[in-house]
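Observations on the three-dimensional arrangement
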Amino acid sequence: EAGVAQSPRYKIIEKRQSVAFWCNPISGHATLYWYQQILGQGPKLLIQFQNNGVVDDSQLPKDRFSAERLKGVDSTLKIQPAKLEDSAVYLCASSLAEATTEAFFGQGTRLTVV
Amino acid sequence: GENVEQHPSTLSVQEGDSAVIKCTYSDSASNYFPWYKQELGKGPQLIIDIRSNVGEKKDQRIAVTLNKTAKHFSLHITETQPEDSAVYFCAATFSGGSYIPTFGRGTSLIVHP
């Protein structure tokens, strides 16, 4: 079974630039999550999708972050404009259903904002 | 919202020793508690989980215990091996409706050969 695919693996941008991350979840997984993991901390949920609908985005900084999951499969997370404090690993995860089923994580995208 | 505290932040043991990582949670509505292992450069991987209707669960060298009254749960690794070295995260969440899975800050486990 293929895992959660994310790209790119690494990205370096200057502050105020924009960046986009892509995630392809495990086939058949209805729930998709985007997490932000700052160095030395646990993952923090940014947004949760159930199919192509948003379940929770209360921790997403909506003035600069946006995410979509067209057709309920792939998802993109965008930051515009980026700030220095956005430097982190952005993890995508998927699960068959809601929060209490096993979530499978991708390898993440390491973003460095300089 | 939920708040998860995890201790210790770093744990160093000798190969063959046991390791224990403890977490506490704040929201009594939480009913699912997964533990993840994260190796360098990789995403977290589920190693064991426990639901609120169970007090203990074991899988080979790994066990998790849950005390709902005290709102704490622990990960126990016996006969540690160097390949157990990684960062371990606990999490707490709730089934049904919109609920944010909340992670602890992680424990860096180092197993010395």
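Predicted model, so just to flag it, every value in this text is computed and none were measured.

**Some remarks on the pattern of salt bridges**
Here the idea is simple: oppositely charged side chains can pair when their charged atoms come close. Residues and elements named next belong to chain B. Tallied over the full model, the rule gives 6 salt bridges over all chains. Note that Lys42 is salt-bridged to Glu39, the shortest N-O span being 3.5 Å. Given the relative accessible area of 42%, Lys42 is considered partly exposed. Exposure remark for Glu39: the relative accessible area of 32% places this residue in the partly exposed category. Through salt bridges with shared partners, one network takes in Lys37, Glu39 and Lys42.

**Section: the confidence of the model for chain B**
Here chain B averages 92 in pLDDT, while 95% of its residues score no lower than 70. Confidence scores differ between elements of chain B, with strand E10 (residues 102-103) of chain B showing the lowest mean pLDDT of 91 and strand E2 (residues 10-14) of chain B the highest of 98.

**Focus on the sheet that holds strand E3 (residues 19-24) of chain A**
Residue and element names in this part refer to chain A. Strands sit in the order E1-E3-E8-E7 across an open sheet of 4 strands; the sheet is antiparallel. On the outer flanks of this sheet lie strand E1 (5-7) and strand E7 (65-68), each paired with one strand and no other. Neighbour-to-neighbour, the strand axes of the sheet open up by a mean angle of 15°, direction not taken into account. Here E1 runs beside E3; their pairing, made up of 3 bridges, is antiparallel. What sits directly across from Ser7, in E3, is Trp22.

**Things to note about the pairing of E3 of chain A**
Residues and elements named next belong to chain A. The alternating pattern of E3 places Val19, Phe21 and Cys23 on a buried face and Ala20, Trp22 and Asn24 on a face that is not buried. Relative to strand E8 (residues 75-79), E3 is paired through 5 bridges, and the arrangement is antiparallel. Each residue of the ladder has a partner; that of Ala20, found in E8, is Lys78.

Cut-offs applied
- Residues numbered from 1 in each chain as written.
- Chains lettered and ligands numbered in written order.
- Predicted model: local features only at pLDDT ≥ 70, side-chain atom pairs only at ≥ 80, totals over all residues.
- Heavy atoms only, no water.
- Salt bridge = Lys/Arg side-chain N within 4 Å of Asp/Glu carboxyl O.
- Buried < 20%, exposed > 50% of the residue type's maximum accessible area, 1.4 Å probe, protein only.
- pLDDT = per-residue confidence, 0-100.
- Helix = DSSP H or I, 4+ residues; strand = E, 2+ residues; numbered from the N terminus.
- Pairing = 2+ DSSP bridges.
- Axes fitted to C-alpha atoms, helices over the stretch in contact; angles between N-to-C directions.

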